Structures are given as structure tokens and as C-alpha cells.
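# Architecture at a glance
Given next are the chains, with one letter for each unit.
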Amino acid sequence: MKSIGVLMTIPMPSNLAEKLATRFTLFKLWNYPSIESFSETHADSVHTIRAFVCDAKSAADAKSIDALPNLEIVSTNSVGFDKIDIEKCRERGIRVTNTPDVLTDDVADFAIGLALAVFRKIPNSDGFLKNGLWKHSDYPLTTKFSGKEVGIVGLGRIGSAIAKRAAAFGCPISYHSRSQKPEAGSYKYYPNILDLAANSQVLVVACALNEQTRHIVNRGVIDALGPKGVIVNIGRGPIIDEPELVSALVEGRLGGAGLDVFENEPNVPEELFSLENVVLTPHVGSDTEETCKDMADLVIANLVAHFSGNPLLTPIL
Ligand SMILES: O=CC(=O)O
């Protein structure tokens, strides 16, 4: 398959670039300031590029897709595909794949970890000990997580895995999604996210980002959750109206937050840095050695399937 060109946006974990380069002719977009300058430099070979590999942090936008006249497949090294111009791919008959399932456990584990970290103030008490403060006083009491009412926004693969874990902590589970899920058993369905928030003590954002979910967690939802409520976001930053989230946390209208994703990554509102009821992580929900290897293998398996004329393993389009 060495005659097939693959353009990759940025370096990715588990040596994905090196692995791709053993099978395909790899082009590295990160060595160029823009897709235009890449196309200019590779005017002679751009027509050989038939696959594009992006991820949760780098886009397959209309400009990049249009720069590649013989593009056949976009494969994202992520489960979310909000950075891919799906309409453009549909118009051009370009296939699209992502990496579902292999990361579900890690992201669900991480959501519970963030909830525990916020309620039990684990990072803050770690800092307390390491800064020598234990010698002078005991750490203040924190808040119990087990048994809290957990509301999940988006009961897909990851949302369901979070629900299963939270249920094991004795948490009653409710959810909001586009439609009620017959497989959700005893979980309570709220067709309206405001009602979900008003009846939850922890709101976990686990849905995909799209035009329907952008800023679905707005001021009304945050206020319905209230000063004792906690938001955990392992989905995408723009699902929450971030300035509203920040002011609610700063003003004490929201009890706390565990956030792995942000509206304008890697920029994070600095007002949050000094709040001990807020735990911030740099979009690492699926970043374990094991899962990143499985994701990289799935990206390659989809490309190999496509170029061998076999069915895609995890197609979106
Ligand atoms: O954010 C990570 C992913 O979409 O896989």
C-alpha cells in the first residue's frame, strides 16, 4: 500500500505516525504552517493522498478536504467527530471512521474519577499534605459521592458506561438524550435537560458535540443544578456555555466542577485555577497506553480495510 499517500494532521500517541509510515507514504501536515503551504510544497504528490488522519484536537475541515482532490477516507483517532466537516465528506463521497468502544472504559473511569476528585477534594488534599500543612491541622471534611443523584447528558456508549459505574456507587441514575432508550432499564428519562439538572446532584456531560448540543448546558441548567450541584464534563467543552459556568463557579451558584474538556483548548479560564472545588485536566480521558494503542490500531485497521476493499470496522459515513 506504499503508493497510497496518507496525510496526518498532528503527532498522535502510540507512534501512530511511525506505524502508518510502515504501510503507507506518510505526509506530516504539522511540518507546514497551513494546508495551503503543504499543497504548494507537495504540488507533485498531493494527488497521491487518499487518506486523511485527524483527531479530537485537529480538524478535517472543508479547506483541508478540498485541498486533497483524490481523498477517499477521513479517519479520526478519536470517538468524537465534531472536527470533521461531515457534510463536505458526504458531498464528495468520502468515507469517515472514528474509534468508538476501545476508549469507553477509560473515559467512563475518568468521569467517575473527576466526580470523586471534586467531592472528596483529592487533588487539594494531596497539595495540603505535600505542602506540609498536615503537621499543623487536619484536612477539612469533604462531601460524600456514593448515593448522589447522577444525571447523565447523553446515554450513548460512554454515558451508559458512566451510569453503570455510578450505579455501583449506589447513585440513582437519570439521563437526558434525544429519545428515551429502551435498554436504559430503571434509569429515569428526562426529555428536558432543565428537569434533569433540577433533579440531579451531579450532572455528567457525555454527549457528542453537534448543533443540537452546543451550549445545551446554559445558565438555566447550571442554576437548576444549584450551589450544591457538581458538573463533570468528559464530552466536549462547547456543550457547556463556559463563561456562564465560570461565573457560576466564581459566584458560588454552582457547587463544583470536574472538567476534562474546554471551549477553546488548550486555553482554560484562569479564574478557575484557584478554586478548590474545581478539578481541571487537559483532555486526557482516553489517554492511557493501552487505549491509545487500541485506538491507533483501529485507525490503521480502518484504512487497511478501506484500501483492501473490505467493510470498514467503525464507519461514520
Ligand atoms: O476526546 C476524545 C475523543 O473524542 O476520542
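Predicted model, so just to flag it, every value in this text is computed and none were measured.

## What to know about the sheet that holds strand S1 (residues 5-8)
Pairing is parallel across the open sheet formed by five strands, whose spatial order is S2-S1-S3-S4-S5. Two strands close off the open sheet at either side, each with one partner strand: strand S2 (25-28) and strand S5 (95-97). The average undirected angle you get between the axes of adjacent strands in this sheet is 20°. In this sheet, strand S3 (residues 49-54) lies alongside S1 in parallel orientation, the contact comprising four bridges. The residue of S3 that forms the bridge with Val6 is Ala51. Along the sheet, helix H1 (residues 16-23) contacts S1, S2 and S3; its crossing angle with S1, the most-contacted strand, is approximately 170°. Along the sheet, helix H11 (residues 289-307) contacts S1, S3, strand S4 (73-76) and S5; its crossing angle with S4, the most-contacted strand, is approximately 165°.

## Comments concerning the UniProt feature "domain: D-isomer specific 2-hydroxyacid dehydrogenase NAD-binding" (unreviewed entry) in the protein
According to UniProt, the positions carrying the feature "domain: D-isomer specific 2-hydroxyacid dehydrogenase NAD-binding" (unreviewed entry) are residues 112-285. Across residues 112-285, helical content stands at 29% and strand content at 14%; the span's end C-alpha atoms are separated by 11 Å.

## Some thoughts on the sheet that holds strand S6 (residues 150-153)
In any sheet, the strands associate via hydrogen bonds between backbone groups, in a parallel or an antiparallel arrangement. Pairing within the open sheet is parallel, and its seven strands lie in the order S8-S7-S6-S9-S10-S11-S12. At either margin of the open sheet sits one strand with a lone partner, and together these are strand S8 (188-189) and strand S12 (278-280).

## As for the side chain of Arg165
Note that Arg165 resides in helix H7 (residues 157-168). Within the structure, Arg165 has its side chain in polar contact with the side chain of Asp105 (distance 3.0 Å). Discounting chain neighbours no more than four positions away, the residues touching Arg165 are Asp105, Ala108, Asp109 and Ile112.

## Things to note about the packing of H1 against H11
To characterise two packed helices, one gives the angle between the axes of the helices and the distance between these axes. One way to put it is that H1 packs onto H11 with a least axis distance of 10 Å and a crossing angle of 25°. Between H1 and H11, the interaxial angle falls into the category roughly parallel. The two elements H1 and H11 cross, and the hand of that crossing is right-handed. The segment H1 lies against H11, with Leu16, Lys19, Leu20 and Arg23 engaging Lys293, Ala296, Asp297, Val299, Ile300, Leu303 and Val304. When its residues are assigned to classes, the contact of H1 with H11 shows seven nonpolar, no polar and four charged.

## So, the UniProt feature "domain: D-isomer specific 2-hydroxyacid dehydrogenase catalytic" (unreviewed entry) in the protein
Per the UniProt record, "domain: D-isomer specific 2-hydroxyacid dehydrogenase catalytic" (unreviewed entry) is annotated on residues 31-315. In this annotation, residues 31-315 is assigned 34% helix and 13% strand; the end-to-end C-alpha distance for the span is 29 Å.

## Some thoughts on the site of the ligand
For the ligand, the full set of nearby residues is Ala56, Ser78, Val79, Gly80, Leu103, Arg236 and His283. Within the side chain of Arg236, an N or O atom sits 2.7 Å from an oxygen atom of the ligand. Contact between the ligand and His283: an oxygen atom at 2.6 Å from a side-chain N or O atom of the residue. Burial of the ligand by the protein amounts to 89% of the accessible area it has alone, namely 190 Å². When its residues are assigned to classes, the shell around the ligand shows three nonpolar, three polar and one charged.

Rules behind the numbers
- Residues numbered from 1 in each chain as written.
- Predicted model: local features only at pLDDT ≥ 70, side-chain atom pairs only at ≥ 80, totals over all residues.
- Heavy atoms only, no water.
- Pairing = 2+ DSSP bridges.
- Helix = DSSP H or I, 4+ residues; strand = E, 2+ residues; numbered from the N terminus.
- Axes fitted to C-alpha atoms, helices over the stretch in contact; angles between N-to-C directions.
- Contact = heavy atoms within 4.5 Å.
- UniProt positions renumbered as here; feature names shortened; annotations may be inferred.
- Polar contact = N/O pair within 3.5 Å; in protein donor to acceptor, adjacent residues only side chain to side chain.
- Parallel < 35°, antiparallel > 145°, perpendicular 65-115°, else oblique.
- Left-handed = near helix turned anticlockwise from the far one by under 90°.
- Nonpolar A, V, L, I, M, F, W, Y, C, P; charged D, E, K, R; others polar.
- Near = heavy atom within 4 Å.
- Areas by Shrake-Rupley, 256 points an atom, 1.4 Å probe, with all protein chains shown as cover.

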